[in-house]
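Take a look at the letters that make up each chain.
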Amino acid sequence: MRILVTNDDGIMAPGLLALRRAMAQLGDVTVVAPTTPQSAVAHSITLMDPIRVHRVSLGDGAFGYGVEGRPADCVKLALLELMPERPDLVASGVNLGVNAGINVLYSGTVAAAVEGAFFGVPAVAVSIEDSDAADFDGAAQIARRLVDQLLARAAGRPILFNINVPDLSQGPPAGVRVVTQSLKGWREGWEKRSDPRGRTYYWMIGDLEPEDVGIDSDVAALADRYVTITPLQFDLTDHARMEEMRGWGLGLER
Ligand code: MN
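All of these numbers come straight from a predicted model, not from anything done at the bench.

Novice: Where do I start with the pairing of strand E2 (residues 28–34) in this structure?
Specialist: When a strand is regular, its side chains alternate between the sheet's two faces. Pairing between strand E1 (residues 2–6) and E2: four bridges, direction parallel. Across the sheet, residue Arg2 finds its bridge partner in E2, namely Asp28. For the crossover that starts at E1, traverses helix H1 (residues 14–23) and ends in the parallel E2, the hand is right-handed. In the sheet, E2 pairs with strand E4 (residues 63–67) via three bridges, with the strands oriented parallel.

Next comes the structure, spelled out in structure tokens:
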């Protein structure tokens, strides 16, 4: 099995190297990742600038491709230019910080997996709860075990999964749950400061809002220390609304 490993935290991020180690137990890994941190760039791509690619040492004699671009650029380049054969899996992560709730839409980690799915390649995004002692290897091994099972179940169908792992420094997870993406958003906050030249600037702060009682979502399950899996799709059409709207008699003559 050929596996593309990428991320949005950059090619030197420990989570990427941990995912590479874990995925190497499943097949031949090629690393193509941004040269600089790209968290929260979502599905942006580079159109107006050249994209340079560098051979980057991964520390154990192996090399990866460092891409001066976005996570989605990395996957496009990998699939169309850098990998001689199309991979059987795109694995993105391990991201520092869970990609649950509305963060799924901001996430460069998830976008890289979605980009793989655009090409019909099975893809998985992996993230771990932010902590000073994030156990990336533990999260990557959990991802490896789940990927193994998910690929077997998928049986060649296109699949796209978002996996989140709770903080493992507090002990093993409670189990694994298949849950929906929470619709909870970011508890918005801004800190207004002055720079040394007296000019105002803003810094975004805040956190994910906790889930409402009774909703079985990624945010809720992570709060209960479960590993979460959410099957994703990139069809943004509101199909239920389509049917209703066709009955609205919309026209251009009013
Ligand atoms: Mn990130």
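Resuming the write-up.
Novice: Explain the coordination of the manganese ion here, please?
Specialist: Coordination angles at a metal have ideal targets, namely 109.5 degrees for four tetrahedral donors and 90 or 180 degrees for six octahedral donors. Looking at the manganese ion, one finds its protein donor set to be Asp8 (OD), Asp9 (OD), Ser39 (OG) and Asn95 (OD1), positioned 2.1 to 2.2 Å from the metal centre. Read N to C, the donor residues that coordinate the manganese ion are spaced as D-D-x29-S-x55-N. Of this pair, Asp8 sits in the loop between E1 and H1 while Ser39 sits in the loop between E2 and strand E3 (53–57), and the two are 31 residues apart along the sequence. Here Ser39 falls in the partly exposed class, since its relative accessible area comes to 43%.

Novice: Teacher, can you tell me more about unusual backbone geometry here?
Specialist: In this structure, the amide linkage connecting Gly93 to the following residue, Val94, adopts the cis form with an omega of -10°. Structurally, Val94 is set in strand E5 (residues 89–96). A positive phi angle is found at Ala40, which is not glycine, with a value near 65°. Mapped onto the elements of the fold, Ala40 is located in the loop between E2 and E3. What makes Ala40 exposed here is its relative accessible area of 55%. Notably, Ala42 is not glycine yet its phi reads approximately 50°, a positive angle. By the element assignment, Ala42 lies in the loop between E2 and E3.

Calculation criteria
- Residues numbered from 1 in each chain as written.
- Predicted model: local features only at pLDDT ≥ 70, side-chain atom pairs only at ≥ 80, totals over all residues.
- Heavy atoms only, no water.
- Pairing = 2+ DSSP bridges.
- Helix = DSSP H or I, 4+ residues; strand = E, 2+ residues; numbered from the N terminus.
- Right-handed = clockwise from strand over helix to strand, strands pointing away.
- Donors = N, O, S within 2.8 Å, 3.2 Å for Na, K, Ca; no water.
- Buried < 20%, exposed > 50% of the residue type's maximum accessible area, 1.4 Å probe, protein only.

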